[in-house]
Amino acid sequence: MSTDAGRLWGARIAEGPAAAAWALGVSTHFDVRLWREDLAGSRAHAAELERIGVLEADERAAIEAALERCAALFADGAFPLEPGDEDLHGAIERWLIDELGDVGGKLRAGRSRNDQIVSDLRLWTLGAIDRLVAAVVDLQEALLERAEEHRDTVAPSYTHLQRAQPVLLAQPLLAFVWMLQRDAERLRDARRRVDVSVLGNGAVAGQTLGIDPERSATALGFSAVAENSIDATASRDVVLEVASAAAILATTLSRLGEELVLWSTSEFGFVRLGDAYTTGSSMMPQKRNPDVAELARGKAGRVVGALTGLLVLVKGLPLAYDRDLQEDKEPLFDAVDTLLLTLPALSGAVRSATFDVERLTAAAGDDFALATDVAEALVLEGVPFRTAHELVGALVAEAEAAGHGLRELPTQRIAAAHPSLPGRWQELLDPRAAIGRRRGRGGTAPEAIAQQLTRAHAAVATLR
Ligand code: ARG
């Protein structure tokens, strides 16, 4: 055999690696998942090698055929990884040489694992972004379905986790649709920078054989070509960018999870998740635990950890390729895997949820929540807001001291605050009327929600 098995540098280093050194460096257990991208890169590279005359047509045909057999083995989970394979690239070369003899060893010309791994990772990341965006869109659709269904349901809104003003339930549901929209757009934006080909840049300074990186890029379906061989092989900023977008997405999922956790407590009682998305307790027979929502919250820690690890990994590395960079893959894979587990579970949980319309409406009915509406009504009568705030504050204090709401205050007392108030007191304090007054763009009036739903559907459609 003309190569030192799956180790690609046998000739220069006489002694084999110590077991501990080898164990530290082996990456096949995680880079094996790049087999599709690696074989695609090899096909593109073989085409270039034939074009420049390094491979005869029949040699290239033999390599092509072998690569196809190799793909079939991987697809069947039957590729024979060997203990001597350091990484995926070495394993495939070792296998090709076993299959083809010396011809298998020709494929390495003009290519380094340094450009090869970046090419593989960029290709894989493009696919990962597409899968993530599709999963985000599905969650957005689940939320949109529920928002359509509850475009008339009155619900409380919160600030400081204290009841604030009444809204339509569609409003918080749509809030998550918009957050997810930006999360998906962030991934899409990053995709443009991932979509750059690096094959042909060799180990650090390109190659002398006449391989044309533009042709390799076209063959692999990349939209752009790297401008600098050092940048091409050393940079991982696009990995950091995708991991950042992933981490931000994870925080959105965590907040949605938290909302479901809170809303499904007996204390709130606003939502009941379907049985298929609820767990019982091994000890307490009465429990319905929102594990899916809690895990959505918990998994965020892991995805943020991936980003943190990657940032620390890259910081301070000298140009160009350093072996440290082998550590870029597991965190990225884990972040993507984690999100692809979390997103469908959350979509299912949202679709399974039953909202308790009565409880939501009752919780939004507290008329102190409409003190701002009374103050704003006075502003429209020409009262300075500061004065209006004081007048209404005094009314709230009195009602509270008397143990009732604003609605029950005596008419003379309301008139004393402002003569315009008694005639429309009940209407001012009606939650539905209050919701209907918030007609501006972004507001929660039925017609504003209708427009928002239209825009949200259109926004989500741009992601598909
Ligand atoms: N397995 C390596 C990685 O994932 C690529 C190999 C580069 N190794 C080298 N000695 N130049 O980054």
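Residues numbered from 1 in each chain as written. Predicted model: local features only at pLDDT ≥ 70, side-chain atom pairs only at ≥ 80, totals over all residues. Heavy atoms only, no water.

Topic: the pattern of salt bridges
- Using the criterion set out here, one finds 33 salt bridges in the structure.
- The salt bridge involving E241 is made with R193; its shortest N-O contact spans 2.5 Å. Taken together, the residues span a long stretch of sequence, with E241 in helix α10 (residues 237–263) and R193 in helix α7 (residues 170–194) at a distance of 48 residues.
- For R193, a relative accessible area of 33% gives the class partly exposed. (Salt bridge = Lys/Arg side-chain N within 4 Å of Asp/Glu carboxyl O. Helix = DSSP H or I, 4+ residues; strand = E, 2+ residues; numbered from the N terminus. Buried < 20%, exposed > 50% of the residue type's maximum accessible area, 1.4 Å probe, protein only.)

Thoughts on the site of the ligand
- Lining the immediate environment of the ligand, one finds S27, D87, R113, N114, I117, Y321, Q326 and K329.
- Contact with the protein chains covers 86% of the free accessible surface of the ligand, which is 340 Å².
- Tallying contributions element by element places helix α6 (residues 113–149) first for the shell around the ligand, with three residues.
- Looking at the shell around the ligand, its residues break down into two nonpolar, three polar and three charged. (Near = heavy atom within 4 Å. Areas by Shrake-Rupley, 256 points an atom, 1.4 Å probe, with all protein chains shown as cover. Nonpolar A, V, L, I, M, F, W, Y, C, P; charged D, E, K, R; others polar.)

Describing the side chain of S216
- You can see S216 is positioned in helix α8 (residues 213–220).
- For S216, a relative accessible area of 2% translates into the label buried.
- Excluding anything up to four places from it in sequence, S216 contacts A44, E48, S197, L199 and I211. (Contact = heavy atoms within 4.5 Å.)

Description of empty space enclosed by the protein
- Summed over the entire model, instances satisfying the criterion amount to four cavities of 30 Å³ or more.
- In this structure, the largest cavity occupies an estimated 120 Å³ of space.
- Contributing elements (two or more residues each) for the lining of the largest cavity: α7 and α10.
- Looking at the lining of the largest cavity, the element that brings in the most residues is α10, giving four residues.
- Counted by class, the lining of the largest cavity contains 10 nonpolar, no polar and one charged residues. (1 Å grid on protein atoms, 1.4 Å probe; cavity = no way out; pocket = protein on both sides within 12 Å on 5 of 7 lines; lining within 4 Å. Points joined across faces, edges and corners; volume = space filled by probe spheres on them.)

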